[in-house]
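Structure assessment
One letter stands for each residue in the lines below.
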Amino acid sequence: MHFLDQAKIYIRSGAGGPGAVSFRREKYVEYGGPDGGNGGRGGDVVFEAVAGLNTLIDFRYTQHFKAQRGVQGMGKNRNGAAGQDIVIKVPVGTQILDDDRETVLADLTEAGQRITLLHGGLGGRGNASYKTSTNRAPRQHQPGLPFEEMWVWLRLKLLADVGLVGLPNAGKSTFINQITNTKAKVGDYAFTTLRPQLGVVRHRNREFVLADIPGLIAGAAEGAGVGDRFLGHIERCRVLIHLIDANGVDPVEALEVVEEELAAYGDGLDDKPRLVALNKIDLIDTELVRAFSKELRAAGVAKVFPISGATGKGLDALLDAVLEYLPAATVTERPAGEREDDDDTPWSPL
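So, here's what we can say about the structure. This is a predicted model, so every value here is computed, not measured. In every chain, residue numbers begin from 1 and rise along the written sequence. Predicted model: local features are reported for residues with pLDDT of at least 70 only, side-chain atom pairs are reported and counted for 80 or more only, and whole-chain, interface and lining totals are derived from all residues. Side-chain measures were taken over the full set of non-hydrogen atoms in the model, leaving aside hydrogen atoms and water.

As a further point, take the overall build of the protein. Each helix is a run of DSSP H or I of at least 4 residues and each strand a run of E of at least 2, with the numbering of both proceeding from the N terminus. The number of helices and strands found in the protein is five helices and 16 strands. Partly exposed residues are those whose accessible area sits between 20% and 50% of the maximum for their type, while under 20% is buried and over 50% is exposed, using a 1.4 Å probe and protein chains only. Looking at the protein as a whole, 48% of its 350 residues qualify as buried. Carbon and sulfur atoms make up 48% of the accessible area of the protein, which totals about 17800 Å². Residue burial considers only the protein chains on display, and all accessible areas are found by Shrake-Rupley using a 1.4 Å probe.

Note on patches: the residues involved have over 30% relative accessible area and no salt bridge, like charges join within 9 Å, and the nonpolar side chains Val, Leu, Ile, Met, Phe, Trp and Tyr join within 5 Å. Here, a salt bridge means any Lys or Arg side-chain nitrogen found within 4 Å of an Asp or Glu carboxyl oxygen. By the counting scheme adopted, Arg and Lys are positive, Glu and Asp are negative, and His together with the chain ends is not counted. The atom standing in for a charge is NZ when the residue is Lys, CZ when it is Arg, CG when it is Asp and CD when it is Glu. Together, D250, E253, E256, E260 and E295 make up a negatively charged patch on the protein surface. The element best represented in the negative patch is helix α3 (residues 251-265), accounting for three residues.

What counts as an axis is a line fitted to C-alpha atoms, over the stretch in contact for a helix, and the angles between N-to-C directions run from 0 to 180 degrees. Where helix α2 (residues 172-179) contacts helix α5 (residues 315-323), the axes come no closer than 12 Å and their chain directions differ by 85 degrees. If you check the angle between α2 and α5, you find them roughly perpendicular. Where α2 abuts α5, its residues F175, Q178 and I179 lie against L315, L318 and L319. Under the scheme applied here, ten amino acids are nonpolar (Ala, Val, Leu, Ile, Met, Phe, Trp, Tyr, Cys and Pro), four are charged (Asp, Glu, Lys and Arg), and all others, including Gly, are polar. Here the contact of α2 with α5 is built from residues that sort into five nonpolar, one polar and no charged. Here the word oblique covers every angle except those under 35 degrees (roughly parallel), over 145 (roughly antiparallel) and from 65 to 115 (roughly perpendicular). The contact criterion used is simple: two residues touch if any of their non-hydrogen atoms lie within 4.5 Å.

As a further point, take the pattern of salt bridges. If you walk through the whole model with that rule in mind, you get 11 salt bridges. Across the salt bridge formed by E26 and R24, the nearest N and O atoms sit 3.5 Å from each other. Residue classification places E26 among the partly exposed positions, given a relative accessible area of 34%. Since its relative accessible area comes to 37%, R24 is described here as partly exposed. Between E259 and R274 there is a salt bridge; the shortest N-O distance is 2.8 Å.

Centre distance within 6.5 Å is the pairing criterion for rings of Phe, Tyr and Trp, where only the six-membered ring of Trp is used; planes under 30 degrees apart are then read as stacked, over 60 as edge-to-face, and the remainder as tilted. A complete count under the given rule lists two aromatic pairs for this structure. A ring pair is formed by Y10 and W151, whose centres lie 5.4 Å apart and whose planes are at 55 degrees; its orientation type is tilted. Note that Y10 is positioned in strand β1 (residues 6-12) and W151 in strand β10 (residues 149-156), a separation of 141 residues in sequence. Since its relative accessible area comes to 35%, W151 is described here as partly exposed. Throughout this description, the term charge over a ring refers to an Arg CZ or Lys NZ atom that lies within 6 Å of the ring centre and within 35 degrees of the ring normal. Note that R12 overlies the ring of F147, its terminal NZ or CZ placed 4.6 Å from the centroid.

Counting buried residues in strand β15 (residues 274-279) gives five out of six residues, a clear majority hidden from the surface. Of the pairings in the sheet, the one linking strand β14 (residues 239-245) to β15 comprises six bridges and is parallel in character. Bridge pairing links D245 to N279 in β15. Handedness of a crossover is defined as follows: with both strands directed away from the viewer, a clockwise route from the first strand across the helix to the second makes it right-handed. One crossover worth recording links β14 to the parallel β15 by way of α3, and it is right-handed. The pairing criterion for strands is at least two bridges between them, as found by DSSP. Here β15 runs beside strand β16 (residues 304-306); their pairing, made up of three bridges, is parallel. Looking across to β16, one finds that A277 is bridged to F305.

To continue, consider α2. Listing the buried residues of α2 in full gives K172, S173, F175, I176 and I179. Seen along its axis, α2 keeps its buried residues to an arc of 160 degrees; they face one direction. Check the buried side of α2 and you find it contacts β11 (162-166), β12 (197-203), β13 (206-212), β14 and α5. As used here, the arc is the angular range of directions from the helix axis to the C-beta atoms.

Here we take up the nonpolar core. As used here, the term nonpolar core means buried Ala, Val, Leu, Ile, Met, Phe, Trp, Tyr and Cys residues forming a set that is joined through side-chain atoms within 4.5 Å. Counting 57 residues, the largest nonpolar core has I9, I11, F47, F59, I88, I234 and L296 as the members making the most contacts within it. Membership of the second largest hydrophobic core comes to 23 residues, among which are V162, I176, I241 and L323.

Here we come to the sheet that holds strand β7 (residues 94-97). Judged by pairing direction, the sheet is mixed, and its five strands sit side by side in the order β5-β1-β10-β7-β8 without closing on themselves. Looking at the sheet topology across the chains shown, the edges are occupied by β5 (64-66) and β8 (104-108). For this sheet, the mean angle separating the axes of adjacent strands, direction not counted, is 25 degrees. Here seven bridges tie β1 to β10, and the two strands are oriented antiparallel to one another. Following the sheet pairing, Y10 is matched in β10 by W151.

We note that K76 has phi near 60 degrees; this positive angle belongs to a residue other than glycine. Given the relative accessible area of 61%, K76 is considered exposed. A positive phi angle, near 60 degrees, is found at N77, a position not held by glycine. Residue placement: N77 occurs in the loop between β5 and β6 (86-91).

Right, dumping it as structure tokens:
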């Protein structure tokens, strides 16, 4: 499945149906009079967040969404039928932005969440509704209110509990393949990962979602490499794991490059808790691991986790530290919604 996290679409609600002008003319009916019914209401444009979607690729092929207009009123006091609403299903974590791409109109963060963005026009009144004791044969009616329309941008920010960052070739894909059932592409060249990857981690009877994004390089905020557009997918994470290649460039330099790009991006990423993991320790000796860990601590890292994504060494300690930042129950553990407190009744399918 192709990954797409931005799309521009056109949406339009339904116009209200016009009211009818009609008079009774049945044979053998003593009294006639107006009997034009009201027009039906136009359909709304509704967005719904659904589970099981993690891309906006469907909106690449369909960009126009129009709700049904209301049916006109008819004689014999028959009101027109209301137009059907159009429900646009989007992945959980989708933001709806105005055409300026800055104003957030809605943020759908929970499965089943619905929002009516455009309302259908009200149906017009038929001439029967204008009848009074002094106006016995009204001919006026209402045409129905017009539709609403606009262009909007959809921007997907994947919902994950933990985010994975680092330079290219830091071993992020190998790491996520080791602890999840994800089959991320692994290669000995930069930018092997070109789109975010999600995986479910199961550790000590807990479950949480891990997001891996393409590697960052110096100048990513200005568009270098694949840029920083994918950083939006880890904005909602509770903690970030920063992988540093022990067999690559200087670890302190690698740390500073990623930290500077997170700070340049903003939106709270530079303030998120981070766990620094020195990866690929299976490729260097123990003395060098100690030396690199000491340098990172001197650079301001509170604790360094020496690990090997290829062999699995040291991963238990790192994942134990991750669990300390998670709520009492994540969304994967409790589909009804994550739970912050342990005292709440746990979710059960029964």
